[in-house]
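A closer look at the structure
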Amino acid sequence: MPGGLERVAQALDGDGGLLSQALLADGPQLAADDPQLGARSASGPRAAGSELEIATVVEAAYEGHLLHLGRSRILSTEDLDLALLAGDRLYALGLAGLAGIGDVDAVRELADVIALCALARAQDAPELADAAWEAGAAAIGWGSGPALEAAKVAARRGEPGAAEALRAAARQLSGDVAPAR
Amino acid sequence: MTGVSDTDENNDPDSDPSAAARREADPIETARANRTWWDIEADDYYAEHGSFLGDDDFVWGPEGLREAAGSVPVQVSTATGLLTVFFSQEPVLDYAGARACDLERYAAWCRQLLARGVYPPPSQFEAWFPSLAHTAEHVERTIEAAHAAFAEVA
């Protein structure tokens with residue numbers, strides 16, 4: 001059975017048109033350090049019964065984020081304008097998928113991640129964006145909590161240490177009590 | 001231009017309203033009558049609306065769009081939860097249409113919005129994602145900033 005990212009590529013292929021034509025011929029290309037966010041969200045209790053759908057929408061939105069940085073795991077980024085367009089298409093696909101599942105809280109978490117990523121981009125702080133994704137994936141799988149909400153506020157205020165606070169909140173939510181890696 | 005004026009008998013409170021009549025009035029008499037009305041009302045009108053009335057331009061519609069802002073040709077494409085403002089004379093229906101837009105003017109407009117505290121999608125190839133996180137105040141501030149930004153890039 002295809003994973004979340006493969007299903008995203010299939011959805012674009014099914015739409016046809018320019019984005020379908022821009023799909024990588026050899027299928028998804030994952031780097032060794034790919035965070036596997038879809039699988040992470042899908043392993044949480046909130047995803048029970050909708051694991052594949054959750055994995056797909058999280059991977060769609062994360063792929064949208066990468067496309068805004070001119071990177072992709074499933075599409076050619078030769079045309080950067082098209083990459084931006086594809087990025088917003090995938091954001092919309094992810095948010096619509098969560099809304100279709102009926103998970104309004106997850107829509108909020110994903111919207112917060114996207115907004116924090118825009119902030120991180122404006123501040124040229126890629127580590128903040130990575131941390132926001134880690135935290136968002138945990139919140140979608142396990143639900144949010146006070147530590148995560150406080151970390152988001154800190155990030156919006158531009159406070160130092162916000163990225164680490166987001167990562168710590170993500171570990172706490174998912175029950176990972178191992179020391180920070 | 002020829003106007004009309006109530007006849008003298010219509011000013012008689014005892015007259016029968018159903019019998020109201022009008023008479024022809026020449027342009028000079030019409031202008032004089034209108035001028036008197038405007039002179040009486042002008043101060044009140046300016047007191048009520050003067051804060052947004054310009055000295056030499058128009059304000060259109062309930063949105064308060066000024067003449068300069070209204071001269072910028074744009075197309076707004078929407079889907080549920082999404083919108084994009086395209087700087088184009090023609091409707092934008094596909095990628096080729098988006099590429100044909102005035103990309104420099106869009107970028108300049110975005111910079112004007114940013115200078116006013118509104119952070120829009122910086123590329124013509126992206127969409128706005130309005131959501132429940134945006135309050136009525138946010139929307140109002142965005143509209144005000146957009147008006148000013150349109151005027152700057154006109």
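Summarised in this report is the structure supplied together with it. Predicted model only: the values in this text are computed from it and were never measured. (Residues numbered from 1 in each chain as written. Chains lettered and ligands numbered in written order. Predicted model: local features only at pLDDT ≥ 70, side-chain atom pairs only at ≥ 80, totals over all residues. Heavy atoms only, no water.)

Concerning the overall build of chain A
- A tally of regular secondary structure across chain A gives nine helices and zero strands.
- Going from N to C terminus, chain A has its helices and strands arranged as α-α-α-α-α-α-α-α-α.
- For chain A, the C-alpha radius of gyration of 16 Å lies close to 16 Å, the compact-globule estimate for 181 residues.
- With the C-alpha coordinates aligned to their principal axes, the bounding extent of chain A is approximately 45 × 40 × 30 Å.
- Counting all 181 residues of chain A, 47% fall into the buried class.
- Sequence separation of at least 24 residues holds for 63% of the intrachain contacts in chain A that already meet a minimum separation of 6.
- When the accessible surface of chain A is totalled, it reaches about 8,400 Å², and 54% of it is carbon and sulfur.
- Taken together, the 14 basic and 26 acidic charged side chains of chain A have centroids lying 6 Å from each other. (Helix = DSSP H or I, 4+ residues; strand = E, 2+ residues; numbered from the N terminus. Rg over C-alpha atoms; globule rule 2.2 N^0.38 Å. Buried < 20%, exposed > 50% of the residue type's maximum accessible area, 1.4 Å probe, protein only. Contact = heavy atoms within 4.5 Å. Areas by Shrake-Rupley, 256 points an atom, 1.4 Å probe, with all protein chains shown as cover. Lys, Arg positive; Asp, Glu negative; His and termini not counted. Charge placed at Lys NZ, Arg CZ, Asp CG, Glu CD.)

A few points about the interface of chain A and chain B
- Facing 13 residues of chain A, the contacting portion of chain B comprises nine residues.
- Counting every contact that joins chain A to chain B gives two salt bridges.
- At the boundary of chain A and chain B, one finds six residue pairs in polar contact (both at pLDDT 80 or more).
- Elements that contribute at least two residues to the side of chain A that touches chain B include exactly α5 (80–101) and α6 (104–122) of chain A.
- With eight residues, α5(A) is the largest single contributor of residues to the side of chain A that touches chain B.
- Partitioning the side of chain A that touches chain B into residue classes produces nine nonpolar, one polar and three charged. (Salt bridge = Lys/Arg side-chain N within 4 Å of Asp/Glu carboxyl O. Polar contact = N/O pair within 3.5 Å; in protein donor to acceptor, adjacent residues only side chain to side chain. Nonpolar A, V, L, I, M, F, W, Y, C, P; charged D, E, K, R; others polar.)

Quick notes on helix α9 (residues 162–173) of chain A
All names here are of chain A.
- Between its first and last C-alpha atoms α9 spans 16 Å; for twelve residues at 1.5 Å apiece the expected length is 16 Å, and the two agree.
- Restricting attention to buried positions, one finds in α9 the residues A162, A163, L166, A169, A170, R171 and L173.
- Contact partners of the buried residues in α9: α7 (126–142) and α8 (146–156).
- Just downstream of α9, G175 is the residue with a positive phi angle, here 75°. (Expected span 1.5 Å × (residues − 1).)

Observations regarding a negative patch on the surface
- Together, B:E41, B:D43, B:D44 and B:E48 make up a region of like negative charge exposed at the surface.
- The class of B:E41 is partly exposed, set by a relative accessible area of 31%. (Patch = residues over 30% accessible without salt bridge, like charges linked within 9 Å, V, L, I, M, F, W, Y side chains within 5 Å.)

Examining the side chain of B:S88
Residue and element names in this part refer to chain B.
- Among the structural elements, S88 can be located in the loop between β6 (82–86) and α3 (95–99).
- The exposure class of S88 is buried, given its relative accessible area of 14%.
- Discounting residues that sit within four places of it in the chain, S88 has contacts with P73, V74, Q75 and C101.

Things to note about the nonpolar core
Residue and element names in this part refer to chain A.
- Counting 39 residues, the largest nonpolar core has L110, L128, W133, L148 and L166 as the members making the most contacts within it.
- Mapped by element, the contributors of at least two residues to this core are α4 (51–68), α5, α6, α7, α8 and α9.
- Once residues within four sequence positions are removed from consideration, L128 is found in contact with A120, Q123, A155, A162, A163 and L166.
- Residues L5, L67, I74 and L90 belong to the second largest nonpolar core, which totals 22 residues. (Core = buried A, V, L, I, M, F, W, Y, C linked by side-chain atoms within 4.5 Å.)

Some thoughts on the state of the cysteines
- Under the definition given, this model contains zero disulfides over all chains.
- Between A:C117, a free cysteine, and B:C110, which holds the nearest cysteine sulfur, the sulfur-to-sulfur gap is 19 Å.
- Classification of A:C117 as buried rests on a relative accessible area of 5%.
- With no disulfide of its own, B:C110 has B:C101 as its nearest cysteine by sulfur position, at a separation of 12 Å.
- For B:C110, a relative accessible area of 6% gives the class buried. (Disulfide = S-S within 2.5 Å.)

Looking at unusual backbone geometry
All names here are of chain A.
- Positive phi outside glycine occurs at Q36, with the angle close to 55°.
- Topologically, Q36 is positioned in the loop between α2 (17–21) and α3 (37–42).
- What makes Q36 partly exposed here is its relative accessible area of 40%.
- Notably, D124 is not glycine yet its phi reads approximately 55°, a positive angle.
- By the element assignment, D124 lies in the loop between α6 and α7.
- Judged by relative accessible area, which is 67%, D124 ranks as exposed.

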